Amino acid sequence: MDVIAADHPAAGLWQSLLGQVRAEMAARGAHAARTVVLLPFAQLMPVARRAWAAICPDGFAPRFETSMNWAGRLAAEPGA
């Protein structure tokens, strides 16, 4: 199967961003399994998961959520 846009510039940006997330987690002693990373759009959640798996293929991954679906999991009513 042919890969489309395998070297997209956004891949480097995701690696940089998630590297910063890893550094912040390490600075705070936060375990990835107990960490939630909030994203602005639900469409970014699978992209973030794939990017995390690319830089950290072994071990735990944080939960990638939007504020809306995270609030829904907590049975809270999101505001305007």
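Everything discussed here concerns the structure shown above.
These numbers were taken from a predicted model, which means no experiment stands behind them. (Residues numbered from 1 in each chain as written. Predicted model: local features only at pLDDT ≥ 70, side-chain atom pairs only at ≥ 80, totals over all residues. Heavy atoms only, no water.)

(A) Quick look at the packing of helix α1 (residues 9-28) against helix α2 (residues 45-55). α2 packs onto α1 with a crossing angle of 75 degrees between their chain directions and a minimal axis gap of 10 Å. Here α2 runs roughly perpendicular to α1, going by the angle between their axes. Counting all contacts with α1, which are made through W14, Q15, L18, G19, V21, R22 and M25, the residues of α2 involved are V47, A48, A51, W52 and I55. Residue composition of the contact of α1 with α2, grouped by class: nine nonpolar, two polar and one charged. (Axes fitted to C-alpha atoms, helices over the stretch in contact; angles between N-to-C directions. Helix = DSSP H or I, 4+ residues; strand = E, 2+ residues; numbered from the N terminus. Parallel < 35°, antiparallel > 145°, perpendicular 65-115°, else oblique. Contact = heavy atoms within 4.5 Å. Nonpolar A, V, L, I, M, F, W, Y, C, P; charged D, E, K, R; others polar.)

(B) View of the side chain of E65. Relative to the helices and strands, E65 is located in strand β2 (residues 63-65). The class of E65 is buried, set by a relative accessible area of 2%. Not counting residues up to four positions away in its chain, the partners in contact with E65 are V36, V37, L38, L39, M45, W70 and R73. (Buried < 20%, exposed > 50% of the residue type's maximum accessible area, 1.4 Å probe, protein only.)

(C) Molecular detail of α2. For α2, the set of buried residues is M45, A48, A51 and W52. Buried residues in α2, looked at end-on, bunch into an arc of 125 degrees, giving them a common side. Exposed residues on α2 whose side chains face more than 90 degrees from its buried face are R50 and A54. Turning to α2, the residues buried within the fold contact α1, β2 and α3 (67-73). (Arc of directions from axis to C-beta.)

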